[in-house]
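What follows is the residue order along each chain.
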Amino acid sequence: VQLQASGGGLVQAGGSLRLSCQASGDTFNRLAMAWLRQAPGRDREYVAGISPSGGQTDYASFVEGRFTIARDKAKNAGYLEMTGLKPEDTAVYYCAAVHSPRETTIIRATEYSYWGQGTLVTVSS
């Protein structure tokens, strides 16, 4: 499985961006997916996750109500819709995936097998 993240950019505080994660291969429906981010000088942190069917989603408390994670089986793609962006959301955002037999989200970054290259989101004040 290969993941290609895109959609980052420069946006003003309060603005919106939509990140995309294009997955290769024919096992998309068995992948649990997530978005994580890493700001300069900080550890990588979990942002949001989605189960293989898309039926379950999970968010870090600092983005809940502002970000929405989704997936499109027909396009083999995952998305992170970000609204109400704040300067502290500035980071490189990574999509990640792992084959999972369970219909659940996965929070721990160490459990993910596949990673995209990252896309930079910069929020100006």
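Counting starts from 1 at the beginning of each chain's written sequence and moves along it residue by residue. Residue-level local features of this predicted model are given only where pLDDT is at least 70; pairs of side-chain atoms are given and counted only at 80 or more, and the full residue set underlies all totals for whole chains, interfaces and linings. With hydrogens and water set aside, each side-chain value is computed from the structure's full complement of heavy atoms.

Q: An account of the overall build of the protein chain is requested, with residue identities and associated values reported.
A: Secondary structure summary: the protein chain contains zero helices and eleven strands in total. Listing the helices and strands of the protein chain from first to last along the sequence gives β-β-β-β-β-β-β-β-β-β-β. C-alpha atoms define the radius of gyration in this analysis, and the globule rule sets the expected value at 2.2 Å times the number of residues to the power 0.38. The C-alpha radius of gyration computed for the protein chain amounts to 13 Å, which stays within 12% of the reference 14 Å derived for 125 residues, consistent with globular compactness. Taking all 125 residues of the protein chain together, the buried fraction comes to 45%. Look at the contacts in the protein chain between residues 6 or more apart in sequence, and 59% of them connect residues 24 or more apart. His is not counted, nor are the chain ends, whereas Lys and Arg count as positive and Asp and Glu as negative. In plain terms, the charge of a residue is placed at NZ if it is Lys, CZ if Arg, CG if Asp and CD if Glu. A gap of 2 Å separates the mean positions of the 12 positive and 11 negative side-chain charges of the protein chain. A run of H or I in DSSP becomes a helix once it reaches four residues, and a run of E becomes a strand once it reaches two; helices and strands are each numbered from the N terminus. Note on exposure labels: buried denotes an accessible area under 20% of the residue type's maximum, exposed denotes more than 50%, and partly exposed covers the range between, all computed with a 1.4 Å probe on protein chains only. It only takes one pair of heavy atoms within 4.5 Å for two residues to be counted as in contact.

Q: Can you break down the state of the cysteines residue by residue, with the values?
A: The criterion for a disulfide is a pair of cysteine sulfur atoms lying within 2.5 Å. Counted under the stated rule, the structure contains one disulfide. Cys-21 shares a disulfide with Cys-95; S-S distance 2.2 Å. Across the S-S bond linking Cys-21 and Cys-95, the dihedral sits near 70°, which makes this disulfide right-handed. Here Cys-21 is found in strand β3 (residues 17-23), whereas its partner Cys-95 is found in strand β9 (residues 91-99), with 74 residues between them in sequence.

Q: Describe the sheet that holds β3, listing the residues and the values that go with them.
A: In this analysis, strands are considered paired if DSSP registers two or more bridges between them. Strand order in this open sheet of four strands is β1-β3-β8-β7, and the pairing throughout is antiparallel. Among the strands making up the open sheet, the edge pair consists of β1 (3-6) and β7 (67-72). Within the sheet, the average angular offset between the axes of one strand and its neighbour, ignoring direction, is 15°. Pairing analysis gives six bridges linking β3 to strand β8 (residues 77-82), with the strands arranged antiparallel. Across the sheet, Leu-17 pairs through a bridge with Met-82, a residue of β8. The axes used here are C-alpha line fits, helices contributing only the stretch in contact, and every angle between their N-to-C directions lies in the interval 0 to 180 degrees.

Q: Pulling in residues and values, what's your account of unusual backbone geometry?
A: One non-glycine residue, Asn-76, lies in the positive phi region at around 55°. Note that Asn-76 resides in the loop between β7 and β8. Using a relative accessible area of 18% as the deciding quantity, one classes Asn-76 as buried.

In short, geometric facts, not functional conclusions.
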